[in-house]
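Reading the structure
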Amino acid sequence: MVNRNQKLVLGFFLAVLVSVFAIRVAAPEVFDQALGLPSDRPGFEIIFLAALVAFIGVLGVGVLRRWRWMFWLITVAFLAGALRVPAVILQLTGVLAADAPTWYLLFQGLLGVVQFVIGLALVAGYRRAGVWGAP
C-alpha cells in the first residue's frame, strides 16, 4: 500500500522527468546550456536522459520498498530544495550570474519550493508514524 508521502515523492519524480523531457523538446538550447552539455554531440543528451531515468527509477524502487536510508536521503535532499529559492532570487537580481532564461530560473525556484514543502511533509510523517509514515 502506497501512502500519501510516497505518492508525493513519486509524483514529484514523475513531474521532474516530464519537465526534463518537455524542456528538451521545447527548448533544447536551454537544456544544453543548463546542463553544460555540448550541443554538437546529441549522444551525450541521450546518455544523460537514460542515466536520469535510471537514477529516478532506483529512487522510485527505494520509495516503494520503503528503504529507510532512501527516506533520509530524499528528506535531506528535499529540505535542501529551499536553497534554490535564494539562489534564484540572487540570479534574478543580478547578484549572481544568470546562466539561463528567466522562465527557467523561476521554474527552478518553484521546484525548490515544492521540494521543500514535500520535505516538510516527510518530516511531519516521520514524527507521526515513523519512516515513510503509516501504510
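Please read these numbers as outputs of a predicted model, since none were measured by experiment.

1. Observations concerning the packing of aromatic side chains
The tally for this structure, following the rule as stated, stands at nine aromatic pairs. Measuring from ring centre to ring centre gives 6.1 Å for Phe13 and Phe78, while their planes differ by 85°; the resulting arrangement is edge-to-face. Of this pair, Phe13 sits in helix α1 (residues 4–26) while Phe78 sits in helix α4 (residues 68–79), and the two are 65 residues apart along the sequence. Neither residue differs from the other here; Phe13 and Phe78 are each classed as buried.

2. Focus on the environment of Val85
Tracing the backbone shows Val85 in helix α5 (residues 84–92). Counting along the chain gives 59 residues from Val85 to Ala26, while the straight-line C-alpha distance between them is 24 Å. Aside from chain neighbours lying at most four places away, what touches Val85 is Gly109 and Val113.

3. What about α1?
Across its 23 residues, α1 extends 32 Å between first and last C-alpha, which sits within 8% of the 33 Å expected from 1.5 Å per residue. Buried residues of α1: Asn5, Gln6, Val9, Phe12, Phe13, Val16, Leu17, Ser19, Val20 and Ile23, and no others. Between the side-chain oxygen at the start of α1 and the backbone nitrogen of Asn5 there is a gap of 3.1 Å, and the oxygen is on Asn3.

4. Comments concerning the packing of α4 against helix α6 (residues 102–129)
Where α4 meets α6, the closest approach of the two axes is 7 Å, and the angle between their N-to-C directions is 135°. When the axes of α4 and α6 are compared, the pair comes out oblique. Considering only the axes of α4 and α6, their crossing is left-handed. Residue-level contacts link Phe71, Trp72, Ile74, Thr75, Ala77, Phe78 and Leu79 of α4 to Gln115, Phe116, Ile118, Gly119, Leu120, Leu122, Val123 and Tyr126 of α6. Among the residues making up the contact of α4 with α6, the classes are represented as twelve nonpolar, three polar and no charged.

5. Some remarks on the side chain of Glu45
Tracing the chain through its elements places Glu45 in helix α3 (residues 42–64). With relative accessibility at 4%, the residue Glu45 sits in the buried group. Excluding anything up to four places from it in sequence, Glu45 contacts Arg24, Phe31, Asp32 and Leu37.

6. Some remarks on the side chain of Gln6
On the secondary structure map, Gln6 appears in helix α1. Residue class for Gln6 comes out buried when judged on its relative accessible area of 1%. Of note is the side chain of Gln6, whose polar atom sits 2.6 Å from the backbone oxygen of Val63. Contacts of Gln6, omitting those with residues within four sequence positions, involve Met1, Val63, Leu64, Arg66 and Trp132.

7. What about the environment of Val76?
Here Val76 lies in helix α4. A C-alpha to C-alpha distance of 9.8 Å links Val76 and Leu122, two positions 46 residues apart in sequence.

8. Section: unusual backbone geometry
Positive phi, normally seen in glycine, also occurs at Arg66, with a value near 60°. Secondary-structure assignment places Arg66 in the loop between α3 and α4.

Criteria and cut-off values
Residues numbered from 1 in each chain as written. Predicted model: local features only at pLDDT ≥ 70, side-chain atom pairs only at ≥ 80, totals over all residues. Heavy atoms only, no water. Phe/Tyr/Trp six-rings, centres within 6.5 Å; stacked < 30°, edge-to-face > 60°. Helix = DSSP H or I, 4+ residues; strand = E, 2+ residues; numbered from the N terminus. Buried < 20%, exposed > 50% of the residue type's maximum accessible area, 1.4 Å probe, protein only. Contact = heavy atoms within 4.5 Å. Expected span 1.5 Å × (residues − 1). Polar contact = N/O pair within 3.5 Å; in protein donor to acceptor, adjacent residues only side chain to side chain. Axes fitted to C-alpha atoms, helices over the stretch in contact; angles between N-to-C directions. Parallel < 35°, antiparallel > 145°, perpendicular 65-115°, else oblique. Left-handed = near helix turned anticlockwise from the far one by under 90°. Nonpolar A, V, L, I, M, F, W, Y, C, P; charged D, E, K, R; others polar.

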